[in-house]
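Listed below are the residues making up each chain.
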Amino acid sequence: MLDINPDGKKLILSIDGGGLRGMLTVAMLAELESITGKTCPEIFDMVAGTSTGAIIAAGIGLGLSAQQLLEDIYRQRLPDAFRNQPHGIGLIARYLFGGLRNLYDLTPFIQSLAPFAAGKRISDFSKPIVFMTTRDVRTANTYFMVSKGPGARMFQDYPVAGAVGASGAAPIFFAPVLGNLIDGGVGVNGNPCLAATIEAMEYIKDEGGFRDGEVIHFSFGTGYLPRGTAERAAGRFWLVNWLNYVISDILNDTLLNQVQTTRTLYRGRVDFRRYNPYLELQSVRYLLGVDAQSQANLDKIGNGLSALEPDVIELMEAIGRSYASRIHWTEPNYMPWWTSGADSGQGRDGGHPLPGMLPVDWSKSPFDPAATA
């Protein structure tokens, strides 16, 4: 069995949002449990999450292993909560006769959490400490719902299911919880790693024992899809193409920016490690040894209801477990694009690559000084 914490440091786990792609992350954590012989509640001292990450964080905070979450929540209950919702003609009927404010009813989603959250409040969390995010549209403020430290008093009576539902109430998909609280990833906290680090190191530090040089932070993504476009393809974009591009890129850039900011601000104080599999066909097929068959199958992981298909759920679990089996879990300051301490920029462990730069050819363009001289 692998000991990922031989020096007995405090361990923080943070998990991005990403909807049903949380299956990838919980599979990674289940594999980590297999590698270490310990459950996540035994491994981590603090768990933080936004949206699907909040489901995992809350489950761990209530004593469930990642394997239990994988089997009970992500394989069965969450997919069922979406499969049984109206779609196609049903959605059109809702729009025509009642207005379409959101795609799904939040109630089945909340009910899917019942096995572990029924009757529980945030004050019931003990070890590990739990940290979740939600945003209040009344104030345009993000709430950091935490179970320990000076901020805990404000949130101690929040029901766990309500807090998790609020963290995952993504606009368009779900109505706001209580008409006010929406997905904590609206804004900059889709990846809660920076907020969780600040909470631990600046506010819970004495009560939780989070001291400089004695903390390891494991930050988990929910998969990274290829993002680039072909040469000059953007010149042919329609408005809907730009809308999709801007929304997806803002979200992805924010996730990565939180990683880079956390590393910069807490360098030397926290051993910050980031793990995120690259959902690109050649990487998945040849580095992870998972036969995804086509890029289209991988794209389904990020495309809403497509992720409900049993074969896609199975594919996510296979990718998560294979990626986790390749990670250098004891390597300090690990990044997805690193290999054995060398900043290769290639993601050779199956993680996503470091965003790069390409040359820009200004010649023969209206901006070329030679053309305007």
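None of the values given here were measured: they were computed from a predicted structure.

A. A look at the overall build of the chain. Within the chain one finds 16 helices and seven strands. Relative to the globule expectation of 21 Å for 373 residues, the C-alpha radius of gyration of the chain, 21 Å, shows essentially globular dimensions. Counting only C-alpha atoms, the chain reaches 70 × 60 × 40 Å along its principal axes. Here the chain, with 373 residues, has 50% of them falling under the buried criterion. With an accessible surface of roughly 17,600 Å², the chain has 55% of that area assigned to carbon and sulfur atoms. The averaged location of the 37 negative side-chain charges in the chain is 3 Å from the averaged location of its 32 positive side-chain charges.

B. Quick look at the pattern of salt bridges. Across all of its chains, the model carries 11 salt bridges by this definition. Ionic pairing is found between Asp271 and Arg273, a salt bridge with its closest N-O pair at 2.6 Å. Residue Glu309 is joined to Lys300 by a salt bridge in which the shortest nitrogen-to-oxygen separation is 3.4 Å. The class for Glu309 is partly exposed, based on a relative accessible area of 29%. If you follow the salt bridges from partner to partner, you end up with Glu31, Arg75, Glu317 and Arg321 in one network.

C. Focus on the nonpolar core. Core analysis: the largest hydrophobic core is formed by 77 residues, its most contacted members being Leu29, Phe44, Met132, Phe218 and Ile319. A per-element tally of this core places helix H1 (residues 22-36) first, with eight residues. If you look at the next biggest cluster of nonpolar residues, it comprises 16 residues, including Ile129, Phe131, Met201 and Phe210.

D. Expanded view of the environment of Glu199. On the secondary structure map, Glu199 appears in helix H10 (residues 193-203). When the C-alpha positions of Glu199 and Phe210 are compared, they lie 9.9 Å apart, and in sequence the two are 11 residues distant. Excluding its chain neighbours within four sequence positions, the residues that come into contact with Glu199 are Met46, Phe131, Phe144, Val146 and Ile204.

E. The packing of helix H3 (residues 52-61) against helix H9 (residues 160-167), seen in detail. Their axes nearest at 8 Å, the elements H3 and H9 cross at an angle of 155 degrees. The pairing of H3 with H9 is recorded here as roughly antiparallel in orientation. As H3 runs across H9, the sense of the crossing is right-handed. Of the residues in H9, those touching H3 at Ala54, Ile55 and Ala58 are Val160, Val164 and Ser167. Looking at the contact of H3 with H9 residue by residue, the class counts come to five nonpolar, one polar and no charged.

F. Layout of the pairing of strand E7 (residues 271-275). The element E7 is extensively covered by neighbouring structure, given that five of its five residues are classed as buried. Judged from the five bridges that link them, strand E6 (residues 215-220) and E7 form a sheet pairing that is parallel. Bridging from a neighbouring strand, Phe218 pairs with Arg273 of E7. For the crossover from E6 across helix H12 (residues 239-265) to E7, the handedness is right-handed.

G. Inspection of the packing of H1 against helix H15 (residues 310-326) at higher detail. Running from N to C, H1 and H15 cross one another at 45 degrees; their axes reach a closest spacing of 7 Å. On the basis of the axis angle, H1 is oblique to H15. Regarding H1 and H15, the two cross each other, and that crossing is right-handed. Along its contact with H1, which presents Met23, Leu24, Ala27, Met28, Ala30, Glu31 and Ile35, the element H15 presents Ile313, Met316, Glu317, Ile319, Gly320, Arg321, Tyr323, Ala324 and Ser325. Its residues assigned to classes, the contact of H1 with H15 comprises 11 nonpolar, two polar and three charged.

H. Spotlight on H10. Most of H10 sits out of view: eight of its 11 residues are buried. Of the residues making up H10, those classed as buried are Cys193, Leu194, Ala195, Ala196, Thr197, Glu199, Ala200 and Met201.

I. A look at the environment of Thr264. Relative to the helices and strands, Thr264 resides in helix H12. Given the relative accessible area of 55%, Thr264 is considered exposed. Put simply, Thr264 and Gly223 are 41 residues apart on the chain and 23 Å apart in space, counted from C-alpha to C-alpha. At a separation of 2.8 Å, a polar atom in the side chain of Thr264 contacts the main-chain carbonyl oxygen of Gln260.

J. Expanded view of the packing of aromatic side chains. With the rule as written, the count across this model stands at 15 aromatic pairs. Each member of the aromatic cluster is reached from another via a ring pair, and the members are Phe44, Phe218, Phe220, Tyr275, Trp329 and Tyr334.

K. Layout of a nonpolar patch on the surface. On the surface, a nonpolar cluster with roughly 360 Å² of combined accessible area is contributed by Trp242, Tyr245, Val246 and Ile250. Relative to the elements of secondary structure, Ile250 occurs in helix H12.

L. Inspection of the pairing of strand E2 (residues 46-49) at higher detail. Here E2 shows no split at all, with Met46 and Ala48 on one side and Val47 and Gly49 on the other all buried. Two elements, strand E1 (residues 10-15) and E2, share four bridges in a ladder whose sense is parallel. If you follow Ile15 over to E2, its bridge partner there is Gly49. Pairing of E2 with strand E3 (residues 129-136), which is carried by four bridges, proceeds in the parallel orientation. Paired with Met46 across the two strands is Ile129, which belongs to E3.

Definitions and cut-offs
Residues numbered from 1 in each chain as written. Predicted model: local features only at pLDDT ≥ 70, side-chain atom pairs only at ≥ 80, totals over all residues. Heavy atoms only, no water. Helix = DSSP H or I, 4+ residues; strand = E, 2+ residues; numbered from the N terminus. Rg over C-alpha atoms; globule rule 2.2 N^0.38 Å. Buried < 20%, exposed > 50% of the residue type's maximum accessible area, 1.4 Å probe, protein only. Areas by Shrake-Rupley, 256 points an atom, 1.4 Å probe, with all protein chains shown as cover. Lys, Arg positive; Asp, Glu negative; His and termini not counted. Charge placed at Lys NZ, Arg CZ, Asp CG, Glu CD. Salt bridge = Lys/Arg side-chain N within 4 Å of Asp/Glu carboxyl O. Core = buried A, V, L, I, M, F, W, Y, C linked by side-chain atoms within 4.5 Å. Contact = heavy atoms within 4.5 Å. Axes fitted to C-alpha atoms, helices over the stretch in contact; angles between N-to-C directions. Parallel < 35°, antiparallel > 145°, perpendicular 65-115°, else oblique. Left-handed = near helix turned anticlockwise from the far one by under 90°. Nonpolar A, V, L, I, M, F, W, Y, C, P; charged D, E, K, R; others polar. Pairing = 2+ DSSP bridges. Right-handed = clockwise from strand over helix to strand, strands pointing away. Polar contact = N/O pair within 3.5 Å; in protein donor to acceptor, adjacent residues only side chain to side chain. Phe/Tyr/Trp six-rings, centres within 6.5 Å; stacked < 30°, edge-to-face > 60°. Patch = residues over 30% accessible without salt bridge, like charges linked within 9 Å, V, L, I, M, F, W, Y side chains within 5 Å.

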